[in-house]
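Working through the structure, step by step
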Amino acid sequence: MKRKIFLSVFLLLMIMILLSSAAIVVVLYGNVIDQNKDNLKSFAEAISGPCELHGSDFLKEITLTDTRITWIAADGSVRYDNRADAGEMENHSEREEIKEAIESGVGESDRYSDTLMERTFYFALRLSDGSVLRVAKSYSSVFPYLLYAFLTAVGFLLVAAVLSLSAAKALSASIAGPINRIKLDTPEKLASPYRELAPLVDRISTLQRQIKEQMQNLKRKQEEFQAITENMSEGFLVIGRQGEVVSYNSSALSLFAVNPNSKGVIYAADFDDSPDFQSVVSRSLAGYHTEMTIPRGQRYYQLIANPIEDGAKTVGAVLLVLDVTEKEEGEKLRREFTANVSHELKTPLTSISATAEVLRSGLIEGKDIQHFAGNIYTESKRLIALVNDIIKLSRLDEGSANPAFAKEQVSLSKIINIVVKRLSVAAQEKHLTVTVKADDSTVYGCAPILEDMVYNLCDNAIKYNKTNGYVAISLSRMEDGVALSVKDGGIGIPHDEIPRIFERFYRVDKSHSNEVGGTGLGLSIVKHAALLHGAEIRVVSEPNFGTEFVVTFKDQQRNE
Ligand code: ADP
């Protein structure tokens with residue numbers, strides 16, 4: 001700005017000086033010419049007298065270089081000329097100024113001279129003998145004077161230029177200085193000494209305030225947005241038109257194992273270059289809402305992509321990534337469970353239906369009816385046990401959301417005694433020795449579920465036992481919680497089967513399990529019950545020697 005002001009002022013001054021100089025030279029030129037003409041006339045009159053007396057001898061004495069002197073006889077022949085050889089000069093009677101002088105005594109003309117080859121002013125004076133004395137001066141003779149005048153003007157111009165340069169510099173500095181000194185944070189401080197700047201300063205202050213407010217708003221919104229996206233367990237990506245990732249949260253980085261520091265610009269393909277992921281991105285960038293669940297390693301991710309529209313144009317896309325592995329696995333388990341349930345229900349129902357069909361035919365003798373009815377009874381009981389277990393499991397699937405699972409301090413020893421009593425007939429049938437060694441430990445939990453848990457563990461210990469075997473139940477306070485142990489000296493479980501026994505409908509030996517009335521859901525119920533109480537289950541088993549299930553209820557659960 002300072003430079004601009006300075007240049008403008010300097011330029012203006014230079015133009016003004018140039019114009020004034022030009023005007024001076026033009027005016028001067030006119031004056032000089034007039035002055036020269038007057039001088040020339042006076043000169044002619046001054047030398048006319050001596051010329052009449054002494055003739056060309058006098059004229060030869062005159063040594064003026066810029067003035068041409070010609071003496072012409074009355075017949076027009078040239079008697080003398082200080083610039084040319086008079087003898088070789090043509091007759092001058094036809095020259096305008098000569099004619100005029102012969103006629104009226106004085107003549108003048110302003111024309112081009114063939115002799116001097118310059119524009120020339122002539123003045124002629126008739127002498128008493130009828131001859132004419134003519135003096136002439138070319139216009140160029142004034143040029144040295146004009147040049148001098150011009151150079152003087154240029155000198156002044158240069159001095160003026162230097163002066164105007166420093167003046168312009170000082171002026172621009174004095175104008176721009178205060179503006180430069182305005183501090184944008186506190187512009188009002190300069191308002192008082194420079195009244196002319198007050199409106200500008202006011203405007204700057206207002207704009208400053210508005211910018212500050214807008215910046216704060218933007219910052220707050222950005223922080224809110226960041227707080228929301230950073231606290232999301234879902235991945236969040238904003239993708240630009242060329243597939244470049246404009247914004248992302250840390251969940252997106254960890255879900256896709258991307259390290260942003262290793263690259264400059266990150267593209268959507270750096271997150272996942274699979275065709276499915278790419279098709280979701282490209283469809284959303286084409287303006288379509290797109291959803292898809294894709295597998296990645298051991299996990300499943302649901303992608304929800306929405307286009308970002310600016311008027312009719314799609315300028316990018318927002319992509320939300322949800323880890324739906326649990327949901328997908330749950331779905332898979334549910335599908336398998338439904339198929340298994342149908343199968344498990346079908347077996348006893350088919351058996352009941354077939355037996356009833358035989359009985360209905362009337363072909364069965366009286367003594368056999370009891371056997372067939374017994375079959376129907378056994379299968380019905382199995383069916384009831386199965387349905388009961390399915391109901392229990394589906395309730396447990398709801399987890400702590402089920403209001404029926406209210407928790408309280410529960411005495412596990414009481415529950416153990418109730419269960420042992422319920423199973424005493426079955427234990428006696430196998431001549432088992434059942435021992436209970438329980439302290440008065442309590443756990444914070446849901447009594448009916450804990451009873452189901454203890455029942456299933458003790459029921460299995462009896463079912464998969466040997467005749468004359470033993471079942472040892474103990475409850476004791478450990479360092480970090482309460483441990484319930486159900487140990488038997490039964491058939492045991494092969495080591496490689498142990499990880500699978502908690503799966504729904506999984507049985508190590510299906511025919512044996514069916515024989516002893518197992519549903520294949522008992523340990524699933526135990527696992528879910530433990531999960532609901534935050535308890536851990538440990539299994540130690542040795543085929544032919546027996547099995548021990550230890551459920552540890554951690555102390556923190558009591559303070560829930
Ligand atoms: P089931 O109703 O068949 O007993 P569970 O889910 O309770 O089903 O048990 C799953 C399988 O684990 C059983 O079929 C059995 O093969 C094995 N099992 C469970 N408890 C014991 C145990 N105490 N001793 C030996 N095997 C056991």
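Keep in mind the model is a prediction, meaning the values are calculated, not measured.

Attention now goes to the overall build of the protein. Secondary structure summary: the protein contains 15 helices and 17 strands in total. The C-alpha radius of gyration computed for the protein amounts to 62 Å, which surpasses the reference 24 Å derived for 560 residues by more than 25%, pointing to a less compact arrangement than a globule. Out of the 560 residues in the protein, the part that is buried amounts to 39%. Taking the contacts inside the protein whose residues are at least 6 apart along the sequence as the reference set, 55% of them involve residues at least 24 apart.

Moving on to the sheet that holds strand β15 (residues 481-488). Either a parallel or an antiparallel arrangement is found when strands of a sheet pair, and the pairing is made through backbone hydrogen bonds. Taken in spatial order, the five strands of this open sheet run β12-β14-β15-β17-β16, and their pairing is mixed. Both outer strands of the open sheet, β12 (433-438) and β16 (536-542), are each paired with one neighbouring strand and no more. Looking at each pair of strands side by side, their axes are set apart by 10 degrees on average, direction ignored. For strand β14 (residues 470-477) and β15, the ladder comprises seven bridges, and the chain directions are antiparallel. Within β15, the residue paired with Ser476 across the bridge is Ala483.

Before going further, it helps to examine the sheet that holds strand β6 (residues 235-240). An order of β7-β6-β10-β9-β8 is seen for the five strands of this open sheet, with the pairing classed as antiparallel. Taken across any chain shown, the strands that pair with only one partner, and hence form the sheet edges, are β7 (245-248) and β8 (290-296). Averaged over all adjacent pairs, the angle separating strand axes in this sheet is 25 degrees, with direction ignored. Bridge analysis of β6 against β7 gives three bridges, and the strand direction is antiparallel.

By nearness alone, 19 residues border the ligand, and Asn460, Tyr464, Ser513, Thr519 and Gly520 come closest of all. At a separation of 2.6 Å, an oxygen atom of the ligand approaches a polar side-chain atom of Tyr464. Side-chain polar atom of Thr547 to a nitrogen atom of the ligand: 3.5 Å apart, as the coordinates give it. Elements supplying a minimum of two residues to the shell around the ligand: α13 (447-463), α15 (522-532) and β17 (546-554). Among the residues making up the shell around the ligand, the classes are represented as eight nonpolar, eight polar and three charged.

The geometry of helix α11 (residues 412-422) relative to α13 is characterised by a closest axis approach of 9 Å and an angle of 50 degrees between their N-to-C directions. Relative to α13, the element α11 is oriented oblique. When you trace α11 past α13, the crossing you get is right-handed. Contacts between α11 and α13 involve Leu412, Ile415, Ile416, Ile418, Val419 and Arg422 from the first element and Ala447, Leu450, Glu451, Val454, Tyr455 and Cys458 from the second. Considered class by class, the residues forming the contact of α11 with α13 number 10 nonpolar, no polar and two charged.

As far as domains go, the protein holds domain 1 (2-147), domain 2 (233-321), domain 3 (328-393) and domain 4 (405-559). Once you take the C-alpha centre of each, domain 2 and domain 3 turn out to be 51 Å apart.

Across all of its chains, the model carries seven aromatic pairs by this definition. Seen in terms of ring centroids, Phe225 and Phe236 are 5.5 Å apart; in terms of plane orientation they differ by 70 degrees. Their pairing is edge-to-face. One end of the pair, Phe225, is in helix α5 (residues 198-230); the other, Phe236, is in strand β6, with 11 residues separating them in the sequence. A relative accessible area of 40% means that Phe225 is categorised as partly exposed. In this structure, Arg283 packs its charged tip against the face of Tyr288, placed 4.6 Å from the ring centre. Directly above the ring of Phe337 sits Arg504, whose terminal nitrogen or CZ lies 4.9 Å from the centroid.

It is worth spelling out the packing of helix α10 (residues 366-397) against α15 at this point. Running from N to C, α10 and α15 cross one another at 25 degrees; their axes reach a closest spacing of 10 Å. Looking at the two axes, α10 sits roughly parallel to α15. Crossing geometry of α10 relative to α15 is assigned as left-handed. Across from Asp389, Lys392, Leu393, Leu396 and Asp397 in α10, the residues of α15 making contact are Gly522, Ser524, Ile525, His528, Ala529 and Leu532. Of the residues that constitute the contact of α10 with α15, the class distribution is five nonpolar, three polar and three charged.

Moving on, we come to helix α3 (residues 96-104). Taken residue by residue, α3 has Glu97, Ile98 and Ala101 as its buried positions. Viewed along the axis of α3, the buried residues span an arc of 100 degrees, placing them on a single side of the element. Among the exposed residues of α3, those pointing more than 90 degrees away from its buried face are Glu103 and Ser104. For α3, the elements touching its buried residues are β1 (68-72), β3 (106-113), β4 (118-126) and β5 (132-138).

All right, on to the nonpolar core then. Counting residues in each nonpolar core, the largest one holds 48 residues, and the members touching the most others are Leu412, Leu450, Met453, Val454, Leu457, Phe549 and Phe553. Both domains that meet at this core, namely domain 3 (328-393) and domain 4 (405-559), each give it at least three residues. Those residues within four positions of Leu450 in sequence are excluded, and the remaining contacts are Val410, Leu412, Ile415, Val443, Gly445, His533 and Phe553.

With that settled, consider the side chain of Ser109. Take Ser109: it is sitting in strand β3. Assessed through its relative accessible area of 4%, Ser109 is described here as buried. A polar contact of 3.2 Å, which involves the side chain of Ser109, links it to the side chain of Glu97.

Taking the largest bend as the criterion, helix α4 (residues 143-180) deviates by roughly 25 degrees, centred on Ser174, and proline Pro178 comes between one and four positions later. All of the buried residues in α4 are Leu146, Ala149, Ala153, Leu157, Ala161, Ser164, Ala168, Ser172, Ala176, Gly177 and Pro178.

What counts and how
- Residues numbered from 1 in each chain as written.
- Predicted model: local features only at pLDDT ≥ 70, side-chain atom pairs only at ≥ 80, totals over all residues.
- Heavy atoms only, no water.
- Helix = DSSP H or I, 4+ residues; strand = E, 2+ residues; numbered from the N terminus.
- Rg over C-alpha atoms; globule rule 2.2 N^0.38 Å.
- Buried < 20%, exposed > 50% of the residue type's maximum accessible area, 1.4 Å probe, protein only.
- Contact = heavy atoms within 4.5 Å.
- Pairing = 2+ DSSP bridges.
- Axes fitted to C-alpha atoms, helices over the stretch in contact; angles between N-to-C directions.
- Near = heavy atom within 4 Å.
- Polar contact = N/O pair within 3.5 Å; in protein donor to acceptor, adjacent residues only side chain to side chain.
- Nonpolar A, V, L, I, M, F, W, Y, C, P; charged D, E, K, R; others polar.
- Parallel < 35°, antiparallel > 145°, perpendicular 65-115°, else oblique.
- Left-handed = near helix turned anticlockwise from the far one by under 90°.
- Domains from an automatic or database assignment.
- Phe/Tyr/Trp six-rings, centres within 6.5 Å; stacked < 30°, edge-to-face > 60°.
- Lys NZ or Arg CZ within 6 Å of the ring centre and 35° of its normal.
- Arc of directions from axis to C-beta.
- Core = buried A, V, L, I, M, F, W, Y, C linked by side-chain atoms within 4.5 Å.
- Bend = angle between axes of the 7 residues up to and from the residue.

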